[in-house]
Amino acid sequence: ALENAGDRSRVAIAEHLDASDVISLVEQGDVRAFLIKDLAEQAMTKEDHSALVELVRKGIDIGTGGKFYRELHSSGLFMKRDQRDRLDELDMVIAMYGGNKDEVGIALRDNISDFFDDMTDIVPAQRMAVVHGGAGGVMLAADELGREKEIASLGVGMALERLNQDYNENPDGIAKFGMSDRLYRQQMLDTFNTISVFNAGGFGTLEEMFVTTCSHKLRLCLPTPKIAIDETGIYEDATGLIEAISDTEELKVDGQIIDIRDAPLGDKWVKETFHRVESYNDATKIIKDFMADPAAYWRKAGIPEEAISNALQSHLEKLEKVGMSLPRNLLRAAQNYKGPEND
């Protein structure tokens, strides 16, 4: 694992080093490779994490022990060594959001298992990953079932020990952040996930839902289905809010009526990419239709050609930076996309 350092470079082997120590040793000690026992388990700030990832992109090798030996990938994930190269080959990444209640995760295991089987009918397991928050409940079920089916499991979570939430160290790839860096973590997830699935959860899941929706609206990545599986109806108002922002044409401000049809609060197509359904079977149909013909999905949603072009450029730049690729069918669809304005 340390061969790339070369026979005349310095290698640092340590029980414990913080990210800041690693950065200093590279800059001041010409160290080109690190083997640190507990680095992957440390909760990092966005500044420290981004600095470490930048070192890896410049050719510094960082290996870490703990429960499993891992190597830091340019995506920002500490990967099990035999899983590291899979990140370059992914054609679908399903983000599984939801609360940490074990009862919910246990109740959903059969549904999630069948859902993953349906997804591997679209994309082979070897070219698929599931990303989650690395804690209990729905996240734990997604991790265990994903690895059981040889789907790469990526846990990108937060340090929540003070809320009595344990962090799962078993996924194939992990990254851990402090609670104040939630947005940095979410932007990382939105860069490499293809489909977002929101299960029953609390305020954290609600935040993830709206940040992802906003990332798509801002054309930071290609707009793909965002699916809330909501048998209880807890996300009904979230759906209504997204629809209201998309559809409102007049605002009342201090008693005055302001016409905003030419500059709306949000693009009308955003509401068409958010789906609240009652079951995983409903979610599967949406995903299969999208993956079979992304361009048809975008046209039906009313997404203009310029929006897809801008999102594609931004998405490709982000993925290139993290050493990953856009799923091939999405790339082809976006490159050849003709919007509804051409009909």
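Residues numbered from 1 in each chain as written. Predicted model: local features only at pLDDT ≥ 70, side-chain atom pairs only at ≥ 80, totals over all residues. Heavy atoms only, no water.

Trainee: Describe empty space enclosed by the protein, with residues and values.
Mentor: Across all of its chains, the model carries three cavities of 30 Å³ or more by this definition. Counted as a void, the largest cavity has a volume near 100 Å³. What lines the largest cavity is a set of 16 residues, among which V93, F192, T194, S325 and P327 lie closest to the centre. Only β6 (92-97), α5 (182-192) and α11 (305-321) provide two or more residues apiece to the lining of the largest cavity. Each residue belonging to the lining of the largest cavity can be placed in one class, and the counts come to ten nonpolar, five polar and one charged. (1 Å grid on protein atoms, 1.4 Å probe; cavity = no way out; pocket = protein on both sides within 12 Å on 5 of 7 lines; lining within 4 Å. Points joined across faces, edges and corners; volume = space filled by probe spheres on them. Helix = DSSP H or I, 4+ residues; strand = E, 2+ residues; numbered from the N terminus. Nonpolar A, V, L, I, M, F, W, Y, C, P; charged D, E, K, R; others polar.)

Trainee: Could you give an account of the sheet that holds strand β7 (residues 128-132), with specific residues and numbers?
Mentor: Taken in spatial order, the twelve strands make up an open sheet running β1-β2-β3-β4-β5-β9-β8-β7-β6-β10-β11-β14, and their pairing is mixed. Both outer strands of the open sheet, β1 (10-14) and β14 (274-277), are each paired with one neighbouring strand and no more. The sheet shows a mean angle of 20° between the axes of neighbouring strands, taken without regard to direction. Here β7 runs beside strand β8 (residues 152-158); their pairing, made up of four bridges, is parallel. When the sheet's bridge partners are listed, V130 is paired in β8 with S153. Of the strands in this sheet, β6, β10 (195-198), β11 (226-229) and β14 are in contact with helix α6 (residues 203-217), which crosses β10 at around 155°. (Pairing = 2+ DSSP bridges. Axes fitted to C-alpha atoms, helices over the stretch in contact; angles between N-to-C directions. Contact = heavy atoms within 4.5 Å.)

Trainee: An account of the nonpolar core is requested, with residue identities and associated values reported.
Mentor: Ranked by internal contacts, the top residues of the largest apolar core, which has 72 residues, are M96, F192 and W298. In contact with W298, other than residues within four places in its own chain, are L222, P223, F290, I303, I308, L330, A333, A334 and Y337. By size, the runner-up hydrophobic cluster in this structure holds 22 residues, among which are L17, F34, M44 and L52. (Core = buried A, V, L, I, M, F, W, Y, C linked by side-chain atoms within 4.5 Å. Buried < 20%, exposed > 50% of the residue type's maximum accessible area, 1.4 Å probe, protein only.)

Trainee: Mind laying out the layout of surface pockets, listing which residues take part and the relevant values?
Mentor: Approximately 370 Å³ is the volume found for the second largest pocket. Within the residue set of the lining of the second largest pocket, elements represented by two or more residues are α2 (46-57), α5 and α11. Among the residues forming the lining of the second largest pocket, the class breakdown is five nonpolar, six polar and five charged.

Trainee: So what about the pattern of salt bridges? Which residues, and what values?
Mentor: As a working rule, side chains carrying opposite charge can pair if their charged atoms are close by. Applying the stated criterion across every chain, the model contains 18 salt bridges. A salt bridge links R185 to E208, with the nearest nitrogen and oxygen atoms 3.1 Å apart. With R185 in helix α5 and E208 in helix α6, this pair connects stretches of sequence that are 23 residues apart. For the pair R185 and E208, one class covers both residues: buried. (Salt bridge = Lys/Arg side-chain N within 4 Å of Asp/Glu carboxyl O.)

Trainee: Account for unusual backbone geometry, with residues named and values stated.
Mentor: You will see that D30, though not glycine, has its phi angle at about 55°, which is positive. For D30, the location among the structural elements is in the loop between α1 (19-29) and β2 (31-36). One non-glycine residue, D254, lies in the positive phi region at around 55°. Within the secondary structure, D254 sits in the loop between β12 (250-253) and β13 (256-259). Using a relative accessible area of 73% as the deciding quantity, one classes D254 as exposed.

Trainee: Which residues make up the pairing of β7, and what are the values?
Mentor: Among the five residues in β7, five count as buried, and that is most of the element. Residues of β7 alternate between two faces, with M128, V130 and H132 on one and A129 and V131 on the opposite face, all of them buried. Two strands pair when backbone bridges link them, and β6 and β7 are joined in this way by four bridges, in the parallel orientation. Within β7, the position partnered with I94 by the bridge is V130. Each parallel crossover has a hand, and for β6 linked through helix α3 (residues 102-122) to β7 it is right-handed. Each parallel crossover has a hand, and for β7 linked through helix α4 (residues 138-148) to β8 it is right-handed. (Right-handed = clockwise from strand over helix to strand, strands pointing away.)

Trainee: I'd like a rundown of the packing of aromatic side chains, residues and numbers included.
Mentor: In this structure the tally under the stated criterion is seven aromatic pairs. Seen from their ring centres, Y97 and F198 are 4.9 Å apart, and the 10° between their planes marks the pair as stacked. Remark: F198 occurs in strand β10 and Y97 occurs in strand β6; sequence separation between them is 101 residues. Exposure remark for F198: the relative accessible area of 0% places this residue in the buried category. Measuring from centroid to centroid gives 6.0 Å for F115 and F116, while their planes differ by 40°, and the two rings are tilted. Across the pair, F116 and F115 agree in class, each one buried. One aromatic cluster is present, formed by F290, Y297, W298 and Y337 through successive ring pairs. Seen from the ring of F68, K80 lies directly overhead, with NZ or CZ sitting 4.2 Å from the centre. (Phe/Tyr/Trp six-rings, centres within 6.5 Å; stacked < 30°, edge-to-face > 60°. Lys NZ or Arg CZ within 6 Å of the ring centre and 35° of its normal.)

Trainee: Could you give an account of a nonpolar patch on the surface, naming the residues involved and the relevant values?
Mentor: There is a patch of nonpolar side chains on the surface, built from L241, I245 and L265 and spanning about 250 Å² of accessible area. Tracing the sequence through the fold places I245 in helix α7 (residues 236-247). By relative accessible area, which is 35% here, I245 ends up partly exposed. (Patch = residues over 30% accessible without salt bridge, like charges linked within 9 Å, V, L, I, M, F, W, Y side chains within 5 Å. Areas by Shrake-Rupley, 256 points an atom, 1.4 Å probe, with all protein chains shown as cover.)

Fair warning: the whole summary comes from geometry, so function is off the table for now.
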